[in-house]
Amino acid sequence: MTEQIERESGGIRTVEVPRSAASPRVWKFGDDIDTDAIIPGRFLTINDPAELARHAFEGTRDEFAQSVLPGDVVVGGRNFGMGSSREHAPLALKGAGIRYIVAESFARIFYRNAINIGLLPLTTPSTDGFADGAEIAVDPSGGRVTVDGKEFPVEPVPEFLQRIADAGGLIEYARIVGEVETCSTTSR
Amino acid sequence: MGSTLVEKVFSRRCGSDVRAGEVVMAPVDAAMIHDITGPLAIRTFLEMGGERVFDPARVVMLFDHQVPADSIPAAENQAIMRRFAAEQGILNYDLREGVCHQVVLEKGRAAPGEIVIGSDSHTCMYGAVGAFATGVGSTDMGFALRFGALYFRVPETVRATVTGAFPERVGPKDLILSIIGDIGADGATYRAVEFCGEAVSSMGMAGRMTLCNMAIEMGAKAGIVPPDETTWDYVRARRPDIEPFPLASDPGADLADSRTYDVGEFEPQVAVPHNVDNVVPVSRVAGTHVDQVFIGSCTNGRYEDLAEAASVLGDGQFSDRVRVIVIPASRDEYLKALRAGLIERFVEAGALVEAPCCGPCMGGAFGLIAPGEVSLSTSNRNFRGRQGSAEGLVYLASAATAAASAVRGEITDPREV
């Protein structure tokens, strides 16, 4: 997967094409990974995903920003993304070329923010078998993820969020729908 | 089947019977943005094709995380927001009023039965006035600014019934820390927590704000206190046009969980590093050396908290081994404390008193801690690196425990000072 990342600095806009991972690998994290860990408060004046990505997990796991490759997969335990509503956290991961986050459960605001910006957070019953650095392939439509040749099930996102995910995020979804009907009930 | 308070809020605003688990596109009565998450929300609003916000009178804008601007990027972000407010006709409180959540309530921008969002996770604090209030990210906020509505999955309710009377020097912060320790950091994910019982109904608005503020620390979507006379007195002093109406869960309402707490036997509680649900009685960590004490924030920066801290301090001095930072949550709270002589007492005792803002809780503006240092804070999060170095340690406690610890230079039971 090759993504272009636009970067604006000092009024000069450059486009980088980062090196992709030939074989995406697992960045394994534990339970209760908070958004302060994903992007510390002192970097919240930054709004650019690529720039945020340089500080992802700074202070708690410095090698992430140094060696993550586009296409790699962030894996967490329970309650991934707890804490602050800062969208800078999923944006920092997006800026690093992350597309999927697989965890046993997600904190509510992070989960929604991730879908809104075009990332796909997927839940699986246990990430115990996901070794750090293992090769990983994610197949969301097939409902599975393969880690070092072994398959694990992933659950689909709720229907109303899937529509936003399918559009590529909430901005794209809003452009498509154009207007909203207030108090429409969608699904249980 | 009866309805929960939260189901009633959504049903009332939608004009039809709405149940937990349903996903509704509900109208937003107010939307709050601040200097950290606001610039991204404005950008997403524009990227969605937004030209005019849905209703400028329903947008609350202010700056509290990095004020006065502590860097050029912070100044640029605030400048973007000032321009947007001017273009859109939004009342911008700028850096004048204080911490966002305190200001929203003080200015009457949230009321019983309303649906309020803020691009800050502690937006759940407005449940103190019986509003359904929840924190959202910047893209959801951009959507709400554009359309005046947002998707909500109506949450199930967890009820926390609190009985008994607080012993001296024990209060709402000790209660909410204890509840979080019991329910866990993700124990209420996607749910609303309803606080009720005699210990809540006898609590003033300041204490109810402390409770609801920290609902997010159990993963909750909202915290809410059923509106009563105390609520309506507070709200009607700010919104005299609103007539009180009954709003409470029905006796037969379907609850996801129900727990009871008796505060009569409580002792002061402390959340120890690095999770808010690592809660222990103060006696377990008493004697731990502290380098910095922060009394303030949306959680515990109100007059009542400052008065409690001053009462513990008495006519004593803070330890000269401790950096004591006191920050009232808002201009109003600052003035109340100033007029009561509390500010003078804190300054005499050796504290730094700063103008209303998020302060060290933000972990990026000022009051950061070095590797190996210990901060005891009345704020809401003790995550690794939250107040500076990831090698530092943050403990959370009440204003009383913070003041006692600042006097002794080590974590101290406020009943011993």
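## Considerations on the overall build of chain A
Thinking step 1. Counting its secondary structure elements, chain A contains 7 helices and 9 strands.
Thinking step 2. Per-residue burial for chain A yields a buried fraction of 56% across its 188 residues.
Thinking step 3. Long-range contacts, defined as pairs at least 24 residues apart, comprise 63% of the intrachain contacts of chain A with a sequence gap of at least 6.
Thinking step 4. Summing over all exposed atoms, chain A offers an accessible surface of approximately 7,900 Å²; the carbon and sulfur share of this is 46%.

## Brief notes about the interface of chain B and chain A
Thinking step 1. If you look at the interface, chain B gives 58 residues, while chain A gives 47 residues.
Thinking step 2. A combined buried area of about 4,400 Å² lies between chain B and chain A, and 56% of that area is made up of carbon and sulfur atoms.
Thinking step 3. Where chain B touches chain A, the interface holds 3 salt bridges.
Thinking step 4. For A:Arg78, the salt bridge identified is with B:Asp186, shortest N-O distance 2.6 Å.
Thinking step 5. Counting across the chain B and chain A interface gives 21 residue pairs in polar contact (both at pLDDT 80 or more).
Thinking step 6. Of all the secondary-structure elements, those providing two or more residues to the side of chain B that touches chain A are α1 (5-14), β1 (23-27), α2 (38-47), α3 (72-88), β5 (132-135), α5 (138-147) and β6 (149-153) of chain B.
Thinking step 7. Sort the elements by how many residues they give to the side of chain B that touches chain A and α5(B) lands first, with 6 residues.
Thinking step 8. Residue classes in the side of chain B that touches chain A are distributed as 26 nonpolar, 18 polar and 14 charged.

## Considerations on the domain arrangement of chain B
Residue and element names in this part refer to chain B.
Thinking step 1. In terms of domains, chain B is made up of domain 1 (5-262) and domain 2 (271-412).
Thinking step 2. For domain 1 versus domain 2, the separation of C-alpha centres amounts to 24 Å.
Thinking step 3. Facing 33 residues of domain 1, the contacting portion of domain 2 comprises 33 residues.
Thinking step 4. Taking both sides of the interface into account, the surface hidden between domain 1 and domain 2 amounts to around 2,600 Å²; carbon and sulfur atoms contribute 55%.
Thinking step 5. When the buried area of domain 1 at its contact with domain 2 is split by residue, Val99, Arg169 and Lys173 rank highest and sum to 23% of it.

## Points about the sheet that holds strand β4 (residues 115-118) of chain B
All names here are of chain B.
Thinking step 1. Ordered in space as β3-β2-β4-β5, the 4 strands form an open sheet in which the pairing is parallel. In this open sheet, the two strands that pair with only one neighbour each are β3 (59-61) and β5. The average angle at which neighbouring strand axes cross in this sheet is 15°, direction not considered.
Thinking step 2. Pairing geometry for β4 and β5, over 4 bridges, is parallel. Counterpart to Ile115 in the pairing with β5 is Phe132.

## With respect to the nonpolar core
Thinking step 1. By size, the foremost hydrophobic cluster in this structure holds 175 residues, and its most contacted members are A:Phe64, A:Leu93, B:Phe10, B:Tyr126, B:Phe143, B:Phe152 and B:Phe195.
Thinking step 2. Each residue touching B:Phe143, except ones within four places of it in the same chain, is listed here: A:Leu170, A:Tyr173, A:Ala174, A:Val180, B:Met25, B:Met48, B:Gly148, B:Ala149 and B:Leu150.
Thinking step 3. Within the second largest apolar cluster, 34 residues are counted, among which are B:Ile295, B:Ala309, B:Val326 and B:Ala397.

## Comments concerning empty space enclosed by the protein
Over the atoms, a rolling probe the size of a water molecule traces out where space has been left empty.
Residue and element names in this part refer to chain B.
Thinking step 1. Taken as a whole and assessed by the stated rule, the structure comprises 4 cavities of 30 Å³ or more.
Thinking step 2. Put simply, the largest cavity is a space of about 260 Å³.
Thinking step 3. Lining of the largest cavity is provided by 23 residues; of these, His65, Asp120, His122, Cys358 and Arg386 occupy positions nearest its centre.
Thinking step 4. For the lining of the largest cavity, the residue count by class is 8 nonpolar, 11 polar and 4 charged.
Thinking step 5. Shared between two domains, the lining of the largest cavity takes at least three residues from each, and those domains are domain 1 (5-262) and domain 2 (271-412).

## Regarding the state of the cysteines
Thinking step 1. Taken as a whole and assessed by the stated rule, the structure comprises 1 disulfide over all chains.
Thinking step 2. Here A:Cys183 pairs with B:Cys14 through a disulfide, and the sulfurs are 2.4 Å apart. The sign of the S-S torsion, about -75°, decides the handedness of the disulfide formed by A:Cys183 and B:Cys14: left-handed. Remark: B:Cys14 occurs in helix α1 and A:Cys183 occurs in the segment after α7 (170-177); the pair is interchain, linking two chains.
Thinking step 3. For A:Cys183, a relative accessible area of 18% puts it in the buried group.
Thinking step 4. In this structure B:Cys298 is a free cysteine whose sulfur lies 6.4 Å from that of B:Cys361, the closest cysteine sulfur available.
Thinking step 5. Classification of B:Cys298 by relative accessible area gives buried; the value is 7%.
Thinking step 6. Overall, B:Cys361 belongs to the buried group, its relative accessible area being 7%.

## Quick notes on the packing of α2(B) against α5(B)
Residues and elements named next belong to chain B.
Thinking step 1. Contact geometry of α2 with α5 gives a least axis separation of 7 Å together with a crossing angle of 55°. By the angle between their directions, the pair α2 and α5 is classed as oblique. Note on packing geometry: the crossing formed by α2 with α5 is right-handed. Touching Leu40, Ala41, Thr44 and Phe45 of α2 are Ser138, Thr139, Met141, Gly142, Leu145 and Arg146, all from α5.
Thinking step 2. Per-class residue counts for the contact of α2 with α5 are 5 nonpolar, 4 polar and 1 charged.

## Quick look at the packing of aromatic side chains
All names here are of chain A.
Thinking step 1. Inspection of every chain in the model, using the stated rule, returns 18 aromatic pairs over all chains.
Thinking step 2. Considering the side-chain rings of Trp27 and Phe64, the 5.0 Å spacing of their centres and the 75° angle between planes classify their relative orientation as edge-to-face. With Trp27 in strand β3 (residues 26-28) and Phe64 in helix α3 (residues 63-67), the pair connects residues that are 37 residues apart, well separated along the chain. Of the two residues, Trp27 and Phe64, neither departs from the other in class, the shared state being buried.
Thinking step 3. Each member of the aromatic cluster is reached from another via a ring pair, and the members are Trp27, Phe29, Phe57 and Phe64.
Thinking step 4. Arg61 extends its terminal NZ or CZ atom over the ring of Phe29, reaching a point 4.8 Å from the ring centre.

## With respect to helix α8 (residues 205-213) of chain B
Thinking step 1. When you tally the buried positions in α8(B), you get 9 out of 9 residues, the bulk of the element.
Thinking step 2. Inspection of α8(B) places B:Met205, B:Ala206, B:Gly207, B:Arg208, B:Met209, B:Thr210, B:Leu211, B:Cys212 and B:Asn213 among the buried residues, and these make up the whole buried set.

## Quick word on the environment of B:Leu150
Thinking step 1. Along the chain, the position of B:Leu150 falls in strand β6.
Thinking step 2. Look at B:Leu150 and you get buried, because its relative accessible area is 1%.
Thinking step 3. Apart from residues lying up to four places away in sequence, B:Leu150 is in contact with A:Arg112, B:Val24, B:Met25, B:Ala26, B:Val28, B:Ile117, B:Val136, B:Asp140 and B:Phe143.

How each quantity is defined
Residues numbered from 1 in each chain as written. Chains lettered and ligands numbered in written order. Predicted model: local features only at pLDDT ≥ 70, side-chain atom pairs only at ≥ 80, totals over all residues. Heavy atoms only, no water. Helix = DSSP H or I, 4+ residues; strand = E, 2+ residues; numbered from the N terminus. Buried < 20%, exposed > 50% of the residue type's maximum accessible area, 1.4 Å probe, protein only. Contact = heavy atoms within 4.5 Å. Areas by Shrake-Rupley, 256 points an atom, 1.4 Å probe, with all protein chains shown as cover. Buried area = accessible area lost by both parts, 1.4 Å probe. Salt bridge = Lys/Arg side-chain N within 4 Å of Asp/Glu carboxyl O. Polar contact = N/O pair within 3.5 Å; in protein donor to acceptor, adjacent residues only side chain to side chain. Nonpolar A, V, L, I, M, F, W, Y, C, P; charged D, E, K, R; others polar. Domains from an automatic or database assignment. Pairing = 2+ DSSP bridges. Axes fitted to C-alpha atoms, helices over the stretch in contact; angles between N-to-C directions. Core = buried A, V, L, I, M, F, W, Y, C linked by side-chain atoms within 4.5 Å. 1 Å grid on protein atoms, 1.4 Å probe; cavity = no way out; pocket = protein on both sides within 12 Å on 5 of 7 lines; lining within 4 Å. Points joined across faces, edges and corners; volume = space filled by probe spheres on them. Disulfide = S-S within 2.5 Å. Parallel < 35°, antiparallel > 145°, perpendicular 65-115°, else oblique. Left-handed = near helix turned anticlockwise from the far one by under 90°. Phe/Tyr/Trp six-rings, centres within 6.5 Å; stacked < 30°, edge-to-face > 60°. Lys NZ or Arg CZ within 6 Å of the ring centre and 35° of its normal.

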